Amino acid sequence: MVETLSIAVIGAPGVGKTSIIRQFIYNDFSEVHTPTRTRSVYRPSVILNGNMYELKVLDVPPLSAFPSSSSQEWLDLRCRGVRNANAYILVYDICCVESFEYVKMIRQQIVEHREGSSSEVPILVVGNKRDLQRQRFMPRRAVSVLVKKTWKCGYVECSAKFNWHVVLLFKELLGIAVARGMRQNHTSIRLQGALQRNRCTIM
Ligand code: GDP
Ligand code: MG
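Please read all numbers here as calculations on a predicted model, not as lab measurements.

With that out of the way, let us pick up the overall build of the protein chain. On a plain count of helices and strands, the protein chain comes out with six helices and nine strands. The burial tally for the protein chain puts 46% of its 203 residues in the buried class. Within the protein chain, counting contacts between residues at least 6 apart in sequence, those at least 24 apart form 70% of the total. Only carbon and sulfur atoms are counted for the fraction: they give 50% of the accessible area of the protein chain, which is about 10,300 Å².

Next comes the structure, spelled out in structure tokens:
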């Protein structure tokens, strides 16, 4: 049985969401920023601690707000599947304070708008562009303490450009999600297809 986990990647425009996903799946990086206008779905397979997981990674275009109801989610094509994701990666640029404010707002809305125990969904905050750390707006330790202690989210810094900590961040999130038992059982085994597409990462 292969388990599927859907992960929504959310953040302000230009923070590096698409770069992180593409680096993770294809080991590929582009200096050119092509704004993501429609929602893209990637389906990599990963092996963690000997278990295979199928990930459904949603590259979410910029949203003005997290959808507050299922009907709102279905009316806006860009955010389909966002409310029911099993886990969230909230990306900000460590040199851009506005992108951190955006993550702060989305985190708050996830907690408020998801119902009942599903508001305890795993959230990993990711500070990207670590290679530009001389221009950061806040010391790493201060952000890490705020995110971990106050928000109760995981925190990882990475550089999609240099593929630094990119696998680690997915590993971290998957570890938290699996530990909390938030997964859906998949009925069909698509292991063969995943390996043929060469998208299987052993973490
Ligand atoms: P998105 O809008 O959040 O999907 O952002 P993109 O992935 O399209 O990246 C936006 C811009 O930031 C592009 O020009 C990327 O080349 C650049 N970028 C992404 N990640 C990094 C990084 O880790 N370091 C640096 N220096 N630039 C990055
Ligand atoms: Mg993008």
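With that out of the way, let us pick up the site of ligand 1. Around ligand 1 there are 21 residues in total, and Lys17, Ser19, Ser30, Glu31 and Asp131 lie nearest to it. Serine 19 has a polar side-chain atom sitting 2.5 Å from an oxygen atom of ligand 1. Against a free-state accessible area of 580 Å², the protein chains account for coverage of 91% of ligand 1. For the shell around ligand 1, the element with the most residues is helix 1 (residues 17–26), which contributes three residues. Each residue belonging to the shell around ligand 1 can be placed in one class, and the counts come to seven nonpolar, nine polar and five charged.

A regular strand carries its side chains on alternate faces of the sheet. With seven of seven residues buried, strand 5 (residues 87–93) is to be regarded as a mostly interior element. Bridge count between strand 1 (residues 3–11) and strand 5: five bridges; the pairing is parallel. Each bridged residue has a counterpart across the sheet, and for isoleucine 10 the counterpart in strand 5 is leucine 90.

This part takes up the environment of cysteine 153. Among the structural elements, cysteine 153 can be located in the loop between helix 4 (140–150) and strand 7 (154–157). The buried category is assigned to cysteine 153, whose relative accessible area is 7%. Sequence-wise, cysteine 153 and arginine 107 are 46 residues apart; in three dimensions their C-alpha atoms are separated by 9.2 Å. Contact partners of cysteine 153, with chain neighbours within four places excluded, come to Arg107, Ile123, Val125, Val147 and Lys148.

In this section: the pairing of strand 4 (residues 51–59). Most of strand 4 sits inside the fold, with seven of its nine residues counted as buried. Direction of pairing for strand 2 (residues 40–42) relative to strand 4: antiparallel, over a ladder of three bridges. Each bridged residue has a counterpart across the sheet, and for valine 41 the counterpart in strand 4 is leucine 58. When strand 3 (residues 45–48) meets strand 4, the two strands line up antiparallel, connected through four bridges. Looking at strand 4, one finds that isoleucine 47 is bridged to methionine 52. Hairpin connection between strand 3 and strand 4: a loop of two residues separates the two successive antiparallel strands, and asparagine 49 in this loop has a positive phi of roughly 50°.

A word on helix 3 (residues 97–113). In a regular helix each residue adds 1.5 Å, so 17 residues correspond to 24 Å; helix 3 covers 24 Å between its end C-alpha atoms and thus fits that length. Residues of helix 3 that are buried: Ser99, Phe100, Tyr102, Val103, Ile106, Arg107, Gln109 and Ile110. The elements touched by buried residues of helix 3 are strand 1, strand 5, strand 6 (123–128) and helix 4.

Below, the discussion takes up the state of the cysteines. Counted by the stated rule, this structure contains zero disulfides. Between cysteine 96, a cysteine without a disulfide, and cysteine 95, which holds the nearest cysteine sulfur, the sulfur-to-sulfur distance is 8.4 Å.

Let us now look at the environment of leucine 168. Its location among the elements puts leucine 168 in helix 5 (residues 166–179). For leucine 168 and valine 156, which are twelve residues apart along the polypeptide, the C-alpha to C-alpha distance reads 8.3 Å.

Further remarks concern unusual backbone geometry. Glycine aside, a negative phi is what most residues show, and trans is what most peptide bonds show. Positive phi is not limited to glycine here, since asparagine 49 has a value of about 50°. Mapped onto the fold, asparagine 49 is located in the loop between strand 3 and strand 4. A positive phi angle, close to 55°, is found at asparagine 163, a residue other than glycine. Within the fold, asparagine 163 resides in the loop between strand 7 and helix 5.

Parameters and conventions
Residues numbered from 1 in each chain as written. Chains lettered and ligands numbered in written order. Predicted model: local features only at pLDDT ≥ 70, side-chain atom pairs only at ≥ 80, totals over all residues. Heavy atoms only, no water. Helix = DSSP H or I, 4+ residues; strand = E, 2+ residues; numbered from the N terminus. Buried < 20%, exposed > 50% of the residue type's maximum accessible area, 1.4 Å probe, protein only. Contact = heavy atoms within 4.5 Å. Areas by Shrake-Rupley, 256 points an atom, 1.4 Å probe, with all protein chains shown as cover. Near = heavy atom within 4 Å. Polar contact = N/O pair within 3.5 Å; in protein donor to acceptor, adjacent residues only side chain to side chain. Nonpolar A, V, L, I, M, F, W, Y, C, P; charged D, E, K, R; others polar. Pairing = 2+ DSSP bridges. Expected span 1.5 Å × (residues − 1). Disulfide = S-S within 2.5 Å.

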